[in-house]
Amino acid sequence: MLKILNVVGARPNFMKVAPIVAAMKKRPDDFLPLVLHTGQHYDAAMSDAFFTDLDLPPPDIHLGVGSGSHAAQTAAVMERFEPVVLQEKPDWVLVVGDVNSTIACALVCVKLGIKVAHVEAGLRSRDRTMPEEINRLLTDQISDLLLTPSPDADANLLAEGIPQERIRFVGNIMIDSLFKNLERARESKIKTELGLVENDYAVMTLHRPSNVDDRETFERILSALETISTRLPIVFPVHPRTRKTIAEFGLTERIAASKNLRLIDPLGYLDFLNLYSTARIVLTDSGGIQEETTALGIPCLTLRENTERPITVEMGTNVVVGTDTQRIITAAMVVLDGGGSKQARQPPLWDGHTAERILAVLQEVSLRS
Ligand code: UD1
């Protein structure tokens, strides 16, 4: 029996951990899973809604760290996590993704000699100004087991000198949640509530500090949205960070003037899945949404200069367009005019069975050590 402490902290973690915990609960003779929430995200819309939508059991342990500067938040997680690990003595701590909670918990474990498995290892944007890139690099260096979503991730890890025996290509865990919940998401009434017609609207998300904390960049993107919204409604569930900067930059009235640009509160997992799965086009700076749109064959424009998920460009529907107003408009019009829609292929092992492969690897590696 393996005791596994599964760490969640921020919104993009919940849909990665939920299928893993569900798979472990189905095998009570082999796995004892605990869920630990650091509390990095704490609003009902950023956290609780995902537990309900994803059938993720309520956390066994909640650290309640909340927001703060990078140093303060990372330090708070470390300080509160250490005594829990010492008390629980898990066989493995499982961390996912690239948020501050991921590196904080991995760092505590490596110092205590507790084994860490990193799910979604090996992704690299090669942009060290992104806090997530630092979190990825460091977490991968110190984790015992690196579970990768795509072959490019394996190549990145090997190039950084990480030995092959620590790396396992298991596929994309987000897609497990996506396929599992697609049917349930169809019951969401979100499109009716918003008065939207299937395949005749765009979905937009934006929360990267480089896009929303910089006034000029934000305004360049906004100008593009104003033009695109003359063609079709754009639904924009607004992250709390973005909500704050819209107010700080005094952009509330300008946005309200674009009637087809519709800002709404952040959505839960099922409502959001319902929304983007029948969108004509998605514009985003999220990592996960690049993958989800590729899995469903929905055209996606990534409003960043780079991506840590190149397979979504090589095989999927993603186009990295940056933040220049005209480039965004041109790329969107290509999609809206029906030309240039990319032929998407499903990347290997994005098949809904990644959780089972993770469990198999955990068992096999534990038997060896
Ligand atoms: C974090 C992750 C990012 C991920 C994103 C998804 C890091 C470094 N960044 O960024 O990789 O893509 O989550 O959402 O870990 N806030 C609330 N309510 C909440 C949470 C946050 O109002 O429940 C506000 C706070 O004012 C906070 C700000 O949002 O200061 C930013 O939150 P934080 O967790 O620091 O980073 P995110 O931008 O959410």
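This section reports on the structure supplied with the text. Keep in mind the model is a prediction, meaning the values are calculated, not measured. (Residues numbered from 1 in each chain as written. Predicted model: local features only at pLDDT ≥ 70, side-chain atom pairs only at ≥ 80, totals over all residues. Heavy atoms only, no water.)

Things to note about the overall build of the protein
Test applied: Segments assigned H or I by DSSP are reported as helices when at least four residues long, segments assigned E as strands when at least two residues long, and all are numbered from the N terminus. It is over C-alpha atoms that the radius of gyration is taken, and the globule rule equals 2.2 Å times the number of residues to the power 0.38. Whether a residue is buried, partly exposed or exposed follows from its accessible area with a 1.4 Å probe, protein chains only, as a fraction of its type maximum: under 20%, in between, or over 50%, in that order. The contact rule is simple, with two residues in contact once any of their heavy atoms fall within 4.5 Å. Reported accessibility uses the Shrake-Rupley method at a 1.4 Å probe radius. Residues are deemed covered only where the shown protein chains occlude them.
In terms of regular secondary structure, the protein is built from 17 helices and 13 strands. Its C-alpha atoms give the protein a radius of gyration of 20 Å, within 12% of the compact-globule value 21 Å for 369 residues. Seen through its principal axes, the protein has C-alpha atoms that stretch 60 × 40 × 40 Å. Looking at the 369 residues of the protein, the share that counts as buried comes to 59%. Sequence separation of 24 or more characterises 71% of the internal contacts of the protein that already satisfy a separation of 6 or more. Approximately 14900 Å² of the protein is accessible, and the part contributed by carbon and sulfur atoms is 53%.

Details of the site of the ligand
The condition is simple: One heavy atom within 4 Å of a molecule or strand is enough for the residue carrying it to be called near that molecule or strand. Polar contacts, as used here, are pairs of N or O atoms within 3.5 Å; protein pairs need one atom able to donate a hydrogen and one able to accept it. Residues neighboring in sequence count only if both atoms are side-chain atoms.
Near the ligand, the surroundings consist of 19 residues, among which Gln40, His41, Glu132, Arg241 and Lys244 are the closest. Contact distances for the ligand include 2.9 Å between an oxygen atom and a backbone N or O atom of tyrosine 42. At 2.5 Å from an oxygen atom of the ligand is found a side-chain nitrogen or oxygen belonging to glutamate 132. Look at the ligand: alone it shows 740 Å² of surface, and the protein chains cover 89% of it.

What to know about the sheet that holds strand E10 (residues 261-264)
Operational definition: At least two DSSP bridges between two strands are required for those strands to pair. Only C-alpha atoms enter the line fits that serve as axes; for helices the fit covers just the stretch in contact. Angles between N-to-C directions range over 0 to 180 degrees.
Judged by pairing direction, the sheet is parallel, and its six strands sit side by side in the order E10-E9-E8-E11-E12-E13 without closing on themselves. Strands at the two margins of the open sheet, each flanked by one partner only, are E10 and strand E13 (318-320). In this sheet, adjacent strand axes meet at a mean angle of 20° when their direction is disregarded. Judged from the four bridges that link them, strand E8 (residues 202-205) and strand E11 (residues 281-284) form a sheet pairing that is parallel. Each bridged residue has a counterpart across the sheet, and for valine 203 the counterpart in E11 is valine 282. This element, helix H16 (residues 325-336), spans E11, strand E12 (300-302) and E13 of the sheet and lies at about 160° to E11.

Digging into the pattern of salt bridges
The line we're drawing: What counts as a salt bridge is simple: a side-chain nitrogen of Lys or Arg found within 4 Å of a carboxyl oxygen of Asp or Glu.
A full pass over the atoms with the stated rule returns 24 salt bridges. As a salt-bridge pair, arginine 124 and aspartate 140 come within 2.9 Å of each other at their nearest N and O atoms. Residue arginine 124 is found in the loop between strand E5 (115-119) and helix H5 (131-142), and its partner aspartate 140 is found in helix H5; the two are separated by 16 residues along the sequence. Assigned by exposure class, arginine 124 and aspartate 140 land together as buried. Note that glutamate 183 and arginine 186 form a salt bridge whose closest N and O atoms lie 3.1 Å from each other.

Focus on the nonpolar core
Just so we agree on the cut-off: In this text, buried Ala, Val, Leu, Ile, Met, Phe, Trp, Tyr and Cys residues form a nonpolar core when linked through side-chain atoms within 4.5 Å.
Ranked by internal contacts, the top residues of the largest apolar core, which has 59 residues, are Ile20, Leu275, Ile358 and Leu362. For this core, the element with the highest residue contribution is helix H1 (residues 11-25), accounting for eight residues. Excluding residues within four positions of it along the chain, isoleucine 358 makes contact with Ile20, Leu94, Val119, Leu147, Val170 and Ile173. If you look at the next biggest cluster of nonpolar residues, it comprises 31 residues, including Val212, Leu261, Ile328 and Met333.

Side note on H16
So the rule is basically this: Helix span, as expected, comes to 1.5 Å for every residue beyond the first.
Given a rise of 1.5 Å per residue, twelve residues ought to cover 16 Å, and the 16 Å separating the end C-alpha atoms of H16 matches this to within 8%. Of the positions making up H16, those classed as buried are Thr325, Ile328, Ile329, Ala331, Ala332, Met333, Val335 and Leu336. The inward-facing, buried residues of H16 contact helix H10 (215-228), E11 and E12. Phi for glycine 338, located one or two positions after H16, is positive at around 80°.

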